[in-house]
Amino acid sequence: MVTVLLPGPLRAETGGEGRLTVVASGTLGAVLDELATAWPRLARRIRDERGDLRRYVNVYVDGEDCRHVGGLAAPVTDGAEVQILPSVAGG
């Protein structure tokens, strides 16, 4: 099992849930694929039309920025914690 943590702005896509549990592990892509099956609107906020991570979304696997450890191929082990954070812009 993998725990996925979501901030407030993304919780509207999951019925208010900020902590999700998925069975998939192995790679970040597999975890996100399972999320897409259960919460397709959430998936559209995380990945673009090609399936790549959106530029403004930061994803951490056990505290490590996924872009530094393989992107969607980043290893995700059973018991891992994945945190998804959209960038916040302001002015």
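Residue numbers restart at each chain and count upward from 1, following the sequence in its written direction. At least 70 in pLDDT is required for a residue's local features to be given in this predicted model, at least 80 for side-chain atom pairs to be given and counted, and no such filter applies to totals for whole chains, interfaces and linings, which use all residues. As a convention, hydrogens and water are excluded, and side-chain values are obtained from all of the structure's heavy atoms.

Colleague: What should I look at first to understand the pairing of strand E4 (residues 57-61) in this one?
Modeller: The side chains of a regular strand alternate between both faces of the sheet. Per-residue accessibility, obtained with a 1.4 Å probe over protein chains only, is compared with the maximum for each type, and a residue is labelled buried under 20%, exposed over 50%, and partly exposed between these values. Every helix listed is a DSSP run of H or I at least four residues long, and every strand listed is a run of E at least two residues long, numbered separately from the N terminus. Only one face of E4 is buried: it carries Val57, Val59 and Val61, and the other face, with Asn58 and Tyr60, is open. Relative to strand E7 (residues 81-86), E4 runs antiparallel, the two sharing five bridges. Note that in E7 the partner of valine 57 across the bridge is proline 86. A pair of strands counts as paired when DSSP detects no fewer than two bridges linking them. Across two bridges, E4 lies against strand E5 (residues 64-65) in antiparallel orientation. Within the sheet, the bridge partner assigned to valine 61 lies in E5 and is glutamate 64. Counting the residues in the hairpin turn of E4 and E5 gives two residues, including aspartate 62, whose phi is positive at 50°.

Colleague: Hey, could you run me through the side chain of arginine 47 in this one?
Modeller: Structurally, arginine 47 can be placed in the loop between helix H3 (40-46) and E4. Arginine 47 sits in the buried class, given a relative accessible area of 15%. Leave out the neighbours within four places in its chain, and arginine 47 touches Gly29, Leu32, Asp33, Asp52, Leu53, Arg54 and Leu72. By the convention used here, residues are in contact when the closest approach between their heavy atoms is within 4.5 Å.

Colleague: Is there a simple way to think about the sheet that holds strand E2 (residues 19-22) in this case?
Modeller: Pairing between the strands of a sheet comes from backbone hydrogen bonds, and it takes one of two forms, parallel or antiparallel. Reading across from one edge, E2-E1-E7-E4-E5 is the order of the five strands in this open sheet, with mixed pairing throughout. Looking at the sheet topology across the chains shown, the edges are occupied by E2 and E5.

Colleague: When you look at the pattern of salt bridges in this model, what are you seeing that I'm missing?
Modeller: Where charged atoms from two side chains of opposite charge come close, those side chains can pair. A pairing counts as a salt bridge when a side-chain nitrogen of Lys or Arg comes within 4 Å of a carboxyl oxygen of Asp or Glu. This structure, assessed with the given rule, holds six salt bridges. One salt bridge connects arginine 50 with aspartate 48, and the closest N-O pair in it is separated by 3.8 Å. Exposure remark for aspartate 48: the relative accessible area of 18% places this residue in the buried category. Residues joined by salt bridges that share partners form a network here, namely Glu13, Arg41 and Arg45.

Colleague: Honestly, the environment of valine 4 in this entry has me stumped. Any pointers?
Modeller: Looking at where valine 4 falls in the secondary structure, it is placed in strand E1 (residues 2-5). Note on valine 4: relative accessible area 0%, which makes it buried. Residues valine 4 and valine 61, 57 residues apart in the sequence, show an inter-C-alpha distance of 9.3 Å. In contact with valine 4, not counting residues within four places along its chain, are Gly18, Arg19, Leu20, Val22, Val31, Leu35, Val82 and Ile84.

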